[in-house]
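# Architecture at a glance
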There are 4 protein chains.
Amino acid sequence: MDEKTRSDAIHRLKSAAGHINGIIKMLEDDRYCIDVIKQIQATQTALSRVSESILDSHLRTCVTTAIQDSDADERERMLTEITEVFRYTHKS
Amino acid sequence: MDEKTRSDAIHRLKSAAGHINGIIKMLEDDRYCIDVIKQIQATQTALSRVSESILDSHLRTCVTTAIQDSDADERERMLTEITEVFRYTHKS
Amino acid sequence: MDEKTRSDAIHRLKSAAGHINGIIKMLEDDRYCIDVIKQIQATQTALSRVSESILDSHLRTCVTTAIQDSDADERERMLTEITEVFRYTHKS
Amino acid sequence: MDEKTRSDAIHRLKSAAGHINGIIKMLEDDRYCIDVIKQIQATQTALSRVSESILDSHLRTCVTTAIQDSDADERERMLTEITEVFRYTHKS
(Lines give C-alpha, C1' and ligand atoms only; values in the text may rest on other atoms or scores of the structure.)
Protein backbone atom coordinates (compact mmCIF):
# COMPACT_ATOMS: atom_id res chain seq x y z
CA MET A 1 0.00 0.00 0.00
CA ASP A 2 1.33 3.46 -0.83
CA GLU A 3 1.99 5.94 1.95
CA LYS A 4 -0.83 8.34 1.11
CA THR A 5 -3.42 5.54 1.16
CA ARG A 6 -2.06 4.30 4.48
CA SER A 7 -2.14 7.68 6.26
CA ASP A 8 -5.55 8.43 4.75
CA ALA A 9 -6.88 5.06 5.95
CA ILE A 10 -5.54 5.66 9.47
CA HIS A 11 -7.19 9.08 9.52
CA ARG A 12 -10.56 7.69 8.38
CA LEU A 13 -10.44 4.77 10.81
CA LYS A 14 -9.76 7.15 13.72
CA SER A 15 -12.78 9.12 12.59
CA ALA A 16 -14.86 5.90 12.43
CA ALA A 17 -13.79 4.93 15.97
CA GLY A 18 -14.83 8.40 17.13
CA HIS A 19 -18.13 7.98 15.33
CA ILE A 20 -18.75 4.69 17.16
CA ASN A 21 -17.99 6.33 20.50
CA GLY A 22 -20.62 8.92 19.59
CA ILE A 23 -23.13 6.13 18.92
CA ILE A 24 -22.37 4.58 22.32
CA LYS A 25 -23.17 8.00 23.84
CA MET A 26 -26.45 8.06 21.88
CA LEU A 27 -27.40 4.71 23.39
CA GLU A 28 -26.44 5.87 26.90
CA ASP A 29 -28.66 8.92 26.34
CA ASP A 30 -31.46 6.59 25.24
CA ARG A 31 -31.76 8.17 21.80
CA TYR A 32 -34.27 6.95 19.22
CA CYS A 33 -33.53 3.46 17.81
CA ILE A 34 -33.75 4.40 14.15
CA ASP A 35 -31.36 7.34 14.60
CA VAL A 36 -28.87 4.95 16.20
CA ILE A 37 -29.23 2.46 13.35
CA LYS A 38 -28.70 5.21 10.75
CA GLN A 39 -25.47 6.25 12.47
CA ILE A 40 -24.27 2.64 12.52
CA GLN A 41 -25.02 2.37 8.79
CA ALA A 42 -23.10 5.60 8.13
CA THR A 43 -20.10 4.13 9.96
CA GLN A 44 -20.31 0.99 7.82
CA THR A 45 -20.31 3.09 4.66
CA ALA A 46 -17.24 4.99 5.91
CA LEU A 47 -15.50 1.66 6.55
CA SER A 48 -16.38 0.48 3.03
CA ARG A 49 -14.67 3.56 1.62
CA VAL A 50 -11.50 2.65 3.55
CA SER A 51 -11.54 -0.95 2.24
CA GLU A 52 -12.03 0.23 -1.33
CA SER A 53 -9.15 2.64 -1.07
CA ILE A 54 -6.82 -0.02 0.36
CA LEU A 55 -7.89 -2.54 -2.30
CA ASP A 56 -7.28 0.01 -5.03
CA SER A 57 -3.78 0.67 -3.73
CA HIS A 58 -3.13 -3.06 -3.28
CA LEU A 59 -4.03 -3.75 -6.93
CA ARG A 60 -1.71 -1.00 -8.14
CA THR A 61 1.25 -2.01 -6.01
CA CYS A 62 1.45 -5.59 -4.68
CA VAL A 63 -0.75 -7.27 -7.30
CA THR A 64 0.82 -5.47 -10.24
CA THR A 65 4.31 -6.36 -9.00
CA ALA A 66 3.35 -9.99 -8.40
CA ILE A 67 1.90 -10.35 -11.89
CA GLN A 68 4.88 -8.63 -13.53
CA ASP A 69 7.30 -10.84 -11.61
CA SER A 70 5.49 -13.81 -13.10
CA ASP A 71 5.74 -15.99 -10.03
CA ALA A 72 2.73 -18.15 -10.87
CA ASP A 73 2.04 -19.33 -7.31
CA GLU A 74 2.24 -15.87 -5.80
CA ARG A 75 0.07 -14.44 -8.58
CA GLU A 76 -2.49 -17.21 -8.10
CA ARG A 77 -2.60 -16.59 -4.35
CA MET A 78 -3.12 -12.86 -4.81
CA LEU A 79 -5.88 -13.16 -7.39
CA THR A 80 -7.71 -15.68 -5.22
CA GLU A 81 -7.53 -13.19 -2.35
CA ILE A 82 -9.14 -10.46 -4.47
CA THR A 83 -12.02 -12.77 -5.37
CA GLU A 84 -12.44 -13.70 -1.70
CA VAL A 85 -12.60 -10.06 -0.65
CA PHE A 86 -15.13 -9.40 -3.39
CA ARG A 87 -17.22 -12.39 -2.30
CA TYR A 88 -17.22 -11.18 1.29
CA THR A 89 -18.80 -7.87 0.29
CA HIS A 90 -21.81 -9.91 -0.77
CA LYS A 91 -22.01 -11.52 2.62
CA SER A 92 -21.49 -8.89 5.29
CA MET B 1 -35.42 -0.36 22.94
CA ASP B 2 -35.38 -2.74 25.89
CA GLU B 3 -32.61 -2.51 28.47
CA LYS B 4 -30.90 -5.78 27.59
CA THR B 5 -30.63 -4.82 23.91
CA ARG B 6 -29.26 -1.43 24.84
CA SER B 7 -26.55 -2.69 27.19
CA ASP B 8 -25.66 -5.46 24.74
CA ALA B 9 -25.39 -2.93 21.89
CA ILE B 10 -23.13 -0.67 23.98
CA HIS B 11 -20.92 -3.65 24.79
CA ARG B 12 -20.65 -4.69 21.15
CA LEU B 13 -19.96 -1.15 19.94
CA LYS B 14 -17.15 -0.77 22.49
CA SER B 15 -15.73 -3.99 21.13
CA ALA B 16 -16.06 -2.68 17.53
CA ALA B 17 -14.26 0.56 18.47
CA GLY B 18 -11.48 -1.54 20.02
CA HIS B 19 -11.36 -3.63 16.85
CA ILE B 20 -10.92 -0.48 14.74
CA ASN B 21 -8.09 0.70 16.99
CA GLY B 22 -6.47 -2.67 16.36
CA ILE B 23 -6.80 -2.12 12.60
CA ILE B 24 -5.16 1.31 12.92
CA LYS B 25 -2.27 -0.44 14.68
CA MET B 26 -2.09 -2.96 11.81
CA LEU B 27 -1.75 -0.09 9.34
CA GLU B 28 0.92 1.60 11.46
CA ASP B 29 2.80 -1.71 11.51
CA ASP B 30 2.46 -1.87 7.70
CA ARG B 31 0.59 -5.16 7.77
CA TYR B 32 -0.59 -6.87 4.60
CA CYS B 33 -3.43 -5.01 2.76
CA ILE B 34 -5.75 -7.98 2.44
CA ASP B 35 -5.47 -8.80 6.15
CA VAL B 36 -6.43 -5.19 6.93
CA ILE B 37 -9.42 -5.35 4.57
CA LYS B 38 -10.61 -8.62 6.14
CA GLN B 39 -10.51 -7.04 9.60
CA ILE B 40 -12.49 -4.03 8.33
CA GLN B 41 -15.08 -6.40 6.85
CA ALA B 42 -15.31 -8.30 10.16
CA THR B 43 -15.98 -5.00 11.95
CA GLN B 44 -18.75 -4.20 9.45
CA THR B 45 -20.36 -7.57 10.11
CA ALA B 46 -20.21 -6.94 13.86
CA LEU B 47 -21.89 -3.55 13.32
CA SER B 48 -24.62 -5.22 11.23
CA ARG B 49 -25.38 -7.54 14.13
CA VAL B 50 -25.84 -4.51 16.40
CA SER B 51 -28.23 -2.84 13.93
CA GLU B 52 -30.26 -6.01 13.57
CA SER B 53 -30.57 -6.41 17.30
CA ILE B 54 -31.69 -2.78 17.76
CA LEU B 55 -34.18 -3.07 14.88
CA ASP B 56 -35.59 -6.26 16.35
CA SER B 57 -36.11 -4.57 19.72
CA HIS B 58 -37.54 -1.46 18.03
CA LEU B 59 -40.16 -3.55 16.20
CA ARG B 60 -41.19 -5.31 19.41
CA THR B 61 -41.44 -2.15 21.50
CA CYS B 62 -41.91 1.23 19.76
CA VAL B 63 -43.47 -0.07 16.52
CA THR B 64 -45.82 -2.50 18.25
CA THR B 65 -46.98 0.23 20.64
CA ALA B 66 -47.45 2.74 17.83
CA ILE B 67 -49.55 0.31 15.80
CA GLN B 68 -51.65 -0.73 18.82
CA ASP B 69 -52.26 2.92 19.73
CA SER B 70 -53.65 3.34 16.23
CA ASP B 71 -52.25 6.82 15.71
CA ALA B 72 -52.22 6.65 11.92
CA ASP B 73 -49.60 9.36 11.37
CA GLU B 74 -47.19 7.96 13.92
CA ARG B 75 -47.67 4.45 12.56
CA GLU B 76 -47.10 5.67 9.00
CA ARG B 77 -43.92 7.46 10.03
CA MET B 78 -42.53 4.40 11.80
CA LEU B 79 -43.25 1.97 8.98
CA THR B 80 -41.64 4.33 6.48
CA GLU B 81 -38.54 4.41 8.69
CA ILE B 82 -38.30 0.61 8.68
CA THR B 83 -38.43 0.55 4.89
CA GLU B 84 -35.75 3.25 4.73
CA VAL B 85 -33.44 1.30 7.00
CA PHE B 86 -34.02 -1.80 4.90
CA ARG B 87 -33.31 0.13 1.70
CA TYR B 88 -30.06 1.45 3.14
CA THR B 89 -28.74 -2.07 3.74
CA HIS B 90 -28.84 -2.48 -0.04
CA LYS B 91 -26.71 0.60 -0.49
CA SER B 92 -23.86 0.56 2.01
CA MET C 1 -49.74 -7.11 -0.15
CA ASP C 2 -51.92 -4.50 -1.82
CA GLU C 3 -52.88 -4.91 -5.47
CA LYS C 4 -50.80 -2.03 -6.81
CA THR C 5 -47.63 -3.35 -5.16
CA ARG C 6 -48.32 -6.81 -6.52
CA SER C 7 -48.88 -5.75 -10.14
CA ASP C 8 -45.91 -3.39 -9.94
CA ALA C 9 -43.69 -6.19 -8.57
CA ILE C 10 -44.79 -8.54 -11.37
CA HIS C 11 -43.99 -5.87 -13.93
CA ARG C 12 -40.54 -5.22 -12.49
CA LEU C 13 -39.72 -8.92 -12.19
CA LYS C 14 -40.66 -9.48 -15.84
CA SER C 15 -38.32 -6.65 -16.71
CA ALA C 16 -35.55 -8.23 -14.56
CA ALA C 17 -36.01 -11.60 -16.28
CA GLY C 18 -35.72 -9.81 -19.65
CA HIS C 19 -32.60 -8.06 -18.40
CA ILE C 20 -31.04 -11.42 -17.48
CA ASN C 21 -31.84 -12.82 -20.94
CA GLY C 22 -30.01 -9.80 -22.34
CA ILE C 23 -26.99 -10.62 -20.16
CA ILE C 24 -27.02 -14.22 -21.43
CA LYS C 25 -26.92 -12.77 -24.97
CA MET C 26 -23.96 -10.59 -23.93
CA LEU C 27 -22.09 -13.69 -22.77
CA GLU C 28 -22.93 -15.58 -25.97
CA ASP C 29 -21.58 -12.59 -27.94
CA ASP C 30 -18.43 -12.72 -25.80
CA ARG C 31 -18.86 -9.19 -24.49
CA TYR C 32 -16.39 -7.62 -22.07
CA CYS C 33 -16.42 -9.19 -18.56
CA ILE C 34 -16.79 -5.95 -16.63
CA ASP C 35 -19.75 -4.85 -18.75
CA VAL C 36 -21.43 -8.17 -17.98
CA ILE C 37 -20.76 -7.78 -14.24
CA LYS C 38 -22.19 -4.25 -14.26
CA GLN C 39 -25.39 -5.48 -15.90
CA ILE C 40 -25.68 -8.26 -13.30
CA GLN C 41 -25.25 -5.68 -10.53
CA ALA C 42 -27.94 -3.47 -12.12
CA THR C 43 -30.31 -6.46 -12.09
CA GLN C 44 -29.57 -7.06 -8.42
CA THR C 45 -30.38 -3.44 -7.63
CA ALA C 46 -33.68 -3.74 -9.53
CA LEU C 47 -34.51 -6.86 -7.49
CA SER C 48 -33.73 -5.00 -4.26
CA ARG C 49 -36.25 -2.33 -5.23
CA VAL C 50 -38.90 -5.05 -5.65
CA SER C 51 -38.13 -6.56 -2.23
CA GLU C 52 -38.30 -3.17 -0.56
CA SER C 53 -41.63 -2.40 -2.13
CA ILE C 54 -43.09 -5.76 -1.06
CA LEU C 55 -41.72 -5.36 2.46
CA ASP C 56 -43.19 -1.89 2.70
CA SER C 57 -46.61 -3.17 1.67
CA HIS C 58 -46.29 -6.16 4.00
CA LEU C 59 -45.62 -3.88 6.98
CA ARG C 60 -48.63 -1.71 6.17
CA THR C 61 -51.04 -4.60 5.66
CA CYS C 62 -50.24 -8.00 7.21
CA VAL C 63 -47.98 -6.78 10.02
CA THR C 64 -50.23 -3.88 11.01
CA THR C 65 -53.25 -6.18 11.09
CA ALA C 66 -51.40 -8.84 13.09
CA ILE C 67 -50.28 -6.31 15.68
CA GLN C 68 -53.72 -4.72 15.95
CA ASP C 69 -55.34 -8.12 16.38
CA SER C 70 -53.03 -8.65 19.33
CA ASP C 71 -52.44 -12.33 18.67
CA ALA C 72 -49.12 -12.50 20.48
CA ASP C 73 -47.82 -15.62 18.70
CA GLU C 74 -48.69 -14.37 15.24
CA ARG C 75 -47.19 -10.96 16.00
CA GLU C 76 -44.03 -12.57 17.33
CA ARG C 77 -43.68 -14.71 14.23
CA MET C 78 -44.11 -11.75 11.89
CA LEU C 79 -41.64 -9.52 13.68
CA THR C 80 -39.06 -12.29 13.70
CA GLU C 81 -39.55 -12.65 9.94
CA ILE C 82 -38.85 -8.94 9.40
CA THR C 83 -35.61 -9.19 11.35
CA GLU C 84 -34.61 -12.27 9.35
CA VAL C 85 -35.21 -10.49 6.05
CA PHE C 86 -33.20 -7.53 7.29
CA ARG C 87 -30.36 -9.82 8.39
CA TYR C 88 -30.30 -11.49 5.00
CA THR C 89 -29.65 -8.18 3.26
CA HIS C 90 -26.36 -8.12 5.13
CA LYS C 91 -25.45 -11.51 3.77
CA SER C 92 -26.33 -11.67 0.08
CA MET D 1 -13.16 -14.90 -19.73
CA ASP D 2 -12.35 -18.58 -20.17
CA GLU D 3 -14.84 -20.88 -21.89
CA LYS D 4 -15.79 -22.89 -18.81
CA THR D 5 -16.63 -19.74 -16.84
CA ARG D 6 -18.68 -18.40 -19.73
CA SER D 7 -20.78 -21.55 -20.25
CA ASP D 8 -21.20 -21.93 -16.49
CA ALA D 9 -22.35 -18.29 -16.20
CA ILE D 10 -24.88 -18.76 -19.04
CA HIS D 11 -26.22 -21.86 -17.31
CA ARG D 12 -26.59 -20.10 -13.97
CA LEU D 13 -28.21 -17.02 -15.52
CA LYS D 14 -30.78 -19.20 -17.30
CA SER D 15 -31.51 -20.78 -13.96
CA ALA D 16 -31.86 -17.31 -12.35
CA ALA D 17 -34.28 -16.19 -15.10
CA GLY D 18 -36.32 -19.34 -14.46
CA HIS D 19 -36.24 -18.59 -10.74
CA ILE D 20 -37.63 -15.09 -11.39
CA ASN D 21 -40.42 -16.53 -13.52
CA GLY D 22 -41.25 -18.77 -10.56
CA ILE D 23 -41.42 -15.70 -8.31
CA ILE D 24 -43.79 -13.99 -10.77
CA LYS D 25 -45.99 -17.09 -10.51
CA MET D 26 -45.85 -16.84 -6.69
CA LEU D 27 -47.10 -13.26 -6.91
CA GLU D 28 -49.88 -14.23 -9.32
CA ASP D 29 -50.90 -16.96 -6.87
CA ASP D 30 -50.89 -14.33 -4.09
CA ARG D 31 -48.30 -16.16 -2.02
CA TYR D 32 -47.06 -14.83 1.31
CA CYS D 33 -44.96 -11.62 1.03
CA ILE D 34 -42.02 -12.84 3.09
CA ASP D 35 -41.74 -16.06 1.05
CA VAL D 36 -41.58 -13.94 -2.09
CA ILE D 37 -38.90 -11.68 -0.60
CA LYS D 38 -36.82 -14.70 0.42
CA GLN D 39 -36.94 -16.06 -3.12
CA ILE D 40 -35.87 -12.68 -4.50
CA GLN D 41 -32.96 -12.64 -2.06
CA ALA D 42 -31.97 -16.16 -3.11
CA THR D 43 -31.92 -15.01 -6.75
CA GLN D 44 -29.69 -12.08 -5.81
CA THR D 45 -27.27 -14.43 -4.09
CA ALA D 46 -27.19 -16.65 -7.19
CA LEU D 47 -26.42 -13.58 -9.32
CA SER D 48 -23.59 -12.61 -6.94
CA ARG D 49 -22.02 -16.04 -7.47
CA VAL D 50 -22.07 -15.43 -11.25
CA SER D 51 -20.41 -12.02 -10.88
CA GLU D 52 -17.72 -13.44 -8.62
CA SER D 53 -16.96 -16.22 -11.03
CA ILE D 54 -16.69 -13.82 -13.98
CA LEU D 55 -14.51 -11.42 -11.98
CA ASP D 56 -12.24 -14.27 -10.95
CA SER D 57 -11.81 -15.33 -14.58
CA HIS D 58 -11.33 -11.72 -15.67
CA LEU D 59 -8.49 -11.24 -13.17
CA ARG D 60 -6.75 -14.42 -14.34
CA THR D 61 -7.04 -13.67 -18.06
CA CYS D 62 -7.58 -10.05 -19.19
CA VAL D 63 -6.08 -8.32 -16.15
CA THR D 64 -3.07 -10.60 -15.92
CA THR D 65 -2.36 -10.14 -19.63
CA ALA D 66 -2.77 -6.37 -19.42
CA ILE D 67 -0.36 -6.11 -16.51
CA GLN D 68 2.19 -8.39 -18.13
CA ASP D 69 2.02 -6.43 -21.37
CA SER D 70 2.93 -3.37 -19.32
CA ASP D 71 0.70 -0.98 -21.24
CA ALA D 72 0.33 1.52 -18.40
CA ASP D 73 -2.90 3.11 -19.65
CA GLU D 74 -4.64 -0.20 -20.26
CA ARG D 75 -3.49 -1.50 -16.87
CA GLU D 76 -4.67 1.66 -15.15
CA ARG D 77 -8.07 1.42 -16.82
CA MET D 78 -8.52 -2.22 -15.81
CA LEU D 79 -7.52 -1.73 -12.20
CA THR D 80 -9.89 1.20 -11.88
CA GLU D 81 -12.68 -1.00 -13.21
CA ILE D 82 -12.01 -3.63 -10.53
CA THR D 83 -12.24 -1.00 -7.81
CA GLU D 84 -15.48 0.32 -9.31
CA VAL D 85 -17.02 -3.15 -9.34
CA PHE D 86 -15.93 -3.65 -5.75
CA ARG D 87 -17.41 -0.28 -4.76
CA TYR D 88 -20.71 -1.15 -6.39
CA THR D 89 -21.08 -4.26 -4.24
CA HIS D 90 -21.26 -1.90 -1.26
CA LYS D 91 -24.10 0.01 -2.87
CA SER D 92 -26.56 -2.45 -4.37
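In what follows, the accompanying structure is described. (Residues numbered from 1 in each chain as written. Chains lettered and ligands numbered in written order. Predicted model: local features only at pLDDT ≥ 70, side-chain atom pairs only at ≥ 80, totals over all residues. Heavy atoms only, no water.)

## A few points about the relation of the copies chain D and chain A
Mapping chain D onto chain A calls for a rotation angle of 180 degrees and an axial translation of 0.0 Å; the resulting RMSD is 0.0 Å. What we have between these two chains is a two-fold relation. If distances are taken from each C-alpha of chain D to the rotation axis, the shortest is found for D:Gln68, at 2.7 Å. When you check the interface residues of chain D against chain A, 100% turn up at the interface there too, and the contact is symmetric in its surfaces. (Least-squares fit on C-alpha atoms with pLDDT ≥ 70 in both. Contact = heavy atoms within 4.5 Å.)

## So, the interface of chain D and chain A
Accessible area lost during the coming together of the parts is what is often quoted as the interface size. Listed per partner, the contact involves 24 residues of chain D and 24 residues of chain A. For the chain D and chain A pair, buried surface summed over both sides reaches about 2300 Å², with 63% attributable to carbon and sulfur atoms. There are four salt bridges connecting chain D and chain A. The closest approach of N and O atoms between A:Arg87 and D:Glu52, which form a salt bridge, is 2.9 Å. At the boundary of chain D with chain A, the tally comes to eight residue pairs in polar contact (both at pLDDT 80 or more). Contributions of two or more residues to the side of chain D that touches chain A are made by helix 2 (33–69) and helix 3 (72–89) of chain D. Of all the elements, helix 2 of chain D adds the most residues to the side of chain D that touches chain A, at 11 residues. Across the side of chain D that touches chain A, the residue classes tally to seven nonpolar, nine polar and eight charged. (Buried area = accessible area lost by both parts, 1.4 Å probe. Salt bridge = Lys/Arg side-chain N within 4 Å of Asp/Glu carboxyl O. Polar contact = N/O pair within 3.5 Å; in protein donor to acceptor, adjacent residues only side chain to side chain. Helix = DSSP H or I, 4+ residues; strand = E, 2+ residues; numbered from the N terminus. Nonpolar A, V, L, I, M, F, W, Y, C, P; charged D, E, K, R; others polar.)

## Comments concerning the interface of chain B and chain A
The interface is formed by 45 residues belonging to chain B together with 45 residues belonging to chain A. Summed over both partners, the interface of chain B with chain A buries about 3900 Å², with 71% contributed by carbon and sulfur atoms. Among the residues of chain B in contact with chain A, B:Leu27, B:Gln41 and B:Gln44 are the three that bury the most area, contributing 15% of the side total. Across the contact surface, chain B and chain A share two salt bridges. A:Glu84 serves as the salt-bridge partner of B:Lys38, at 3.3 Å between the closest nitrogen and oxygen. Elements supplying a minimum of two residues to the side of chain B that touches chain A: helix 1 (3–28), helix 2 (33–69) and helix 3 (72–89) of chain B.

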